[in-house]
Amino acid sequence: MARRRLTEQECLEVKGGEAITLATVMAFLAIGLIAVIAFKFFTSGEGKAVFPGGFTFQWK
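Residues numbered from 1 in each chain as written. Predicted model: local features only at pLDDT ≥ 70, side-chain atom pairs only at ≥ 80, totals over all residues. Heavy atoms only, no water.

Asker: Mind showing me how you'd approach the overall build of the protein here?
Answerer: When you go through the protein residue by residue, the secondary structure sums to 2 helices and 2 strands. The secondary structure elements of the protein, listed N-terminal to C-terminal, are α-α-β-β. C-alpha atoms of the protein, sized along the principal axes, occupy 70 × 25 × 15 Å. Counting every position in the protein, which comprises 60 residues, the buried fraction comes to 2%. The protein carries 7 positive and 5 negative side-chain charges, and their two centres are separated by 13 Å. (Helix = DSSP H or I, 4+ residues; strand = E, 2+ residues; numbered from the N terminus. Buried < 20%, exposed > 50% of the residue type's maximum accessible area, 1.4 Å probe, protein only. Lys, Arg positive; Asp, Glu negative; His and termini not counted. Charge placed at Lys NZ, Arg CZ, Asp CG, Glu CD.)

Next up, the structure:
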């Protein structure tokens, strides 16, 4: 397929922004998920959490 330059009209029709929109939506979903986990973590009466690296948290 041969390459050619876009005309002025074709340049005006090119739409962008899908990647930034997708990244924004995914960031909001990740922040929301972390907020829910943190809420459950701090409002539970007792529990235990183990994180990578050997960090262990236990509360009653």
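Asker: I would appreciate a short explanation of the pattern of salt bridges in the present structure.
Answerer: As a working rule, side chains carrying opposite charge can pair if their charged atoms are close by. The tally for this structure, following the rule as stated, stands at 1 salt bridge. In this structure, the salt-bridge partner of E10 is R4, at a minimum N-O distance of 2.9 Å. Given the relative accessible area of 25%, E10 is considered partly exposed. When its relative accessible area of 58% is taken as the criterion, R4 is described as exposed. (Salt bridge = Lys/Arg side-chain N within 4 Å of Asp/Glu carboxyl O.)

Asker: For this particular structure, what's the right way to read the packing of aromatic side chains?
Answerer: When we look at a pair of aromatic rings, we describe it by the centre distance and by the angle of the planes. Inspection of the entire model under this criterion finds 3 aromatic pairs. Summarising the aromatic geometry, the rings of F41 and F42 are spaced 5.2 Å apart at their centres and angled 80° between planes, so their arrangement reads as edge-to-face. The class for F41 is partly exposed, based on a relative accessible area of 28%. Aromatic ring contacts, followed pair by pair, group F41, F42 and W59 into a single cluster. (Phe/Tyr/Trp six-rings, centres within 6.5 Å; stacked < 30°, edge-to-face > 60°.)

Asker: Sorry if this is basic, but what is going on with a nonpolar patch on the surface here?
Answerer: A surface patch of nonpolar side chains, about 320 Å² in accessible area, is lined by F51, F55 and F57. Of note, F55 is situated in strand β2 (residues 55-59). (Patch = residues over 30% accessible without salt bridge, like charges linked within 9 Å, V, L, I, M, F, W, Y side chains within 5 Å. Areas by Shrake-Rupley, 256 points an atom, 1.4 Å probe, with all protein chains shown as cover.)

Asker: Would you mind showing me how to read the environment of T56 here?
Answerer: Looking at the secondary structure, you find T56 in strand β2. Residues T56 and T24 lie 32 residues apart in sequence; the distance between their C-alpha atoms is 32 Å. Setting aside residues up to four positions removed in sequence, T56 forms contacts with K48, A49 and V50. (Contact = heavy atoms within 4.5 Å.)

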